[in-house]
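A closer look at the structure
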Amino acid sequence: MGKLLNRLSHFLTQILFSIITPPLLMPMVAKLSITRLFISFCFGRLYGNRYQDIIDSFHGRYGLAMAEGLAEAKKMISDKTPIILDCGSGTGFVTKQATKQFPNATFISFDILHGMVMQARNNCNDVTTDVFHVQADTFAIPLTDQSVDLLLAQNTIPWFAEFSRVRRPGGMIVYVDTSAGWIAELAKRLVVKYKLFETVMGEQVDLGFYILAR
Ligand SMILES: C[S@@+](CC[C@H](N)C(=O)[O-])C[C@H]1O[C@@H](n2cnc3c(N)ncnc32)[C@H](O)[C@@H]1O
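These lines cover the structure that appears in this document, whether it is placed above or below.

Scoring rules and cut-offs
- Residue positions within a chain follow its written sequence, with the count starting from 1.
- Owing to the predicted nature of the model, reporting of local features is limited to residues with pLDDT of at least 70; listing and counting of side-chain atom pairs is limited to 80 or more, with chain, interface and lining totals taken over all residues.
- The basis for the side-chain values is all heavy atoms of the structure; hydrogens and waters are excluded.
- Definitions used for this entry: grid spacing 1 Å over protein atoms alone; cavity, a set of points where a 1.4 Å probe fits but cannot get out; pocket, an open set with protein on both sides within 12 Å along at least 5 of 7 lines; lining residue, one with an atom within 4 Å of a point.
- Grid points are joined across faces, edges and corners, and a volume is the space filled by probe spheres set on the points.
- Under this grouping Gly is polar, as are all residues other than the nonpolar Ala, Val, Leu, Ile, Met, Phe, Trp, Tyr, Cys and Pro and the charged Asp, Glu, Lys and Arg.
- Nearness is judged by heavy atoms alone; a residue qualifies as near a molecule or strand once a single heavy atom is within 4 Å of it.
- Between N or O atoms, a polar contact is any pair within 3.5 Å; within protein, one atom must be a potential hydrogen donor and the other a potential acceptor, and residues adjacent in sequence are included only when both atoms are from side chains.
- The way we define it, a molecule is inside a pocket or cavity when more than half of its atoms are within 2 Å of that pocket's grid points.
- Numbering goes from the N terminus for both helices and strands, where a helix is a DSSP run of H or I of at least four residues and a strand is a run of E of at least two.
- Between N-to-C directions, angles span 0 to 180 degrees; the directions come from axes that are lines fitted to C-alpha atoms, helices contributing only their stretch in contact.
- Any angle between 65 and 115 degrees counts as roughly perpendicular, while under 35 counts as roughly parallel, over 145 as roughly antiparallel, and the rest as oblique.
- Left-handed describes a crossing in which the near helix is turned anticlockwise from the far one by less than a right angle; the clockwise case is right-handed.
- Residues are treated as being in contact if the distance between any of their heavy atoms lies within 4.5 Å.
- At least two bridges found by DSSP between two strands is the condition for calling them paired.
- Each Phe, Tyr or Trp ring (for Trp, its six-membered ring) is paired with any other whose centre lies within 6.5 Å, and the angle between the two planes then decides the class: stacked below 30 degrees, edge-to-face above 60, tilted in between.
- Our definition puts a charge over a ring when NZ of Lys or CZ of Arg is within 6 Å of the ring centre and also within 35 degrees of the ring normal.

Some words on empty space enclosed by the protein
- According to the stated counting rule, one finds one cavity of 30 Å³ or more in the structure shown.
- Of the pockets and cavities examined, the largest cavity occupies roughly 40 Å³.
- Around the largest cavity, the lining residues are R61, Y62, L64, A65, T178, V205, D206, L207 and G208.
- For the lining of the largest cavity, a count of residues per class yields five nonpolar, two polar and two charged.

What to know about the site of the ligand
- Near the ligand there are 20 residues, and of these Y62, G88, D111, Q154 and T156 occur at the shortest range.
- Within the side chain of T156, a nitrogen or oxygen atom sits 2.9 Å from an oxygen atom of the ligand.
- Counting atoms within 2 Å of the grid points, the majority share of the ligand lands in the largest pocket.
- Going through the elements one at a time, helix 3 (33-46) and strand 2 (106-111) are the ones with two or more residues in the shell around the ligand.
- Of the residues assigned to the shell around the ligand, the class counts are 11 nonpolar, seven polar and two charged.

Some points on the packing of helix 5 (residues 64-76) against helix 6 (residues 93-101)
- Contact pair helix 5 / helix 6: the axes reach a minimum separation of 11 Å and the direction vectors enclose 40°. Looking at the two axes, helix 5 sits oblique to helix 6. Crossing of helix 5 against helix 6: the hand is right-handed. Between helix 5 and helix 6, the residues in contact are M66, A67, L70, A71 and K74 and V94, Q97, A98 and Q101, respectively.
- Residue composition of the contact of helix 5 with helix 6, by class: six nonpolar, two polar and one charged.

Brief notes about the sheet that holds strand 7 (residues 208-213)
- Pairing is mixed in the open sheet, where seven strands are placed in the order 3-2-1-4-5-7-6. Each having just a single partner strand, strand 3 (130-135) and strand 6 (200-205) make up the two edges of the open sheet. Across this sheet, the average inter-strand angle for adjacent strands is 15°, counted without regard to direction.

Brief notes about the packing of aromatic side chains
- This structure, assessed with the given rule, holds nine aromatic pairs.
- Each ring, one from Y62 and one from F93, has its centre 5.0 Å from the other, and the planes form 85°; the classification is edge-to-face. Of this pair, Y62 sits in the loop between helix 4 (51-56) and helix 5 while F93 sits in helix 6, and the two are 31 residues apart along the sequence.
- Each member of the aromatic cluster is reached from another via a ring pair, and the members are F160, F163, Y175, Y194, F197 and F209.
- Positioned above the aromatic ring of F102 is the side chain of K74, whose terminal nitrogen or guanidinium carbon lies 5.9 Å from the ring centre.

Treat this as a map of the structure, not an account of what it does.
Dropping the structure here:
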């Protein structure tokens, strides 16, 4: 019975996330106060304390698209000690995954919700790489222009204008969604439309997709 409920909850979450992802890619929707209220309701109340259970319900598939995005980014990063930002870090899953690929980097892992920052900090306490966990908003990242080598954003609001402001010349963004593989092409086209990047590449991976913009 528990297993069945788990599967049902996973299924419903995938549907919910694949419905909310495409509009969130559009700046005018992402910026609305109602969107922000909805997100903070979802992760402050509805999902916040059981987001790790949602990750577990993917049975190892949650990190597949980001793993490919990180592998591509690694080929292009020449700095041996890059500054890497995990935007909307949630439980810290992506931060932890990325420290394995970039053990000598300095990570800044941020989330708008204090509760999620605490979860990320706890989950990363066995990580030996430098990771700073902070509470911050994707719409106003508290970093100077051109200060970051790689920005990671998975299943969160991808505010590309702000990402582009803080990334160094040649810096990269890896945006991942784990629920909506079917919009991979559309998402790529939308990112190209911003005209903020020289190259935009991306692939559908398993249930979702990654986009690498440079
Ligand atoms: C679905 S979770 C994904 C967490 C993590 N990236 C992962 O893949 O496991 C989305 C996270 O984005 C955060 N978030 C939503 N809007 C944000 C914003 N404007 N600034 C920073 N974090 C935000 C939420 O609080 C939540 O923790």
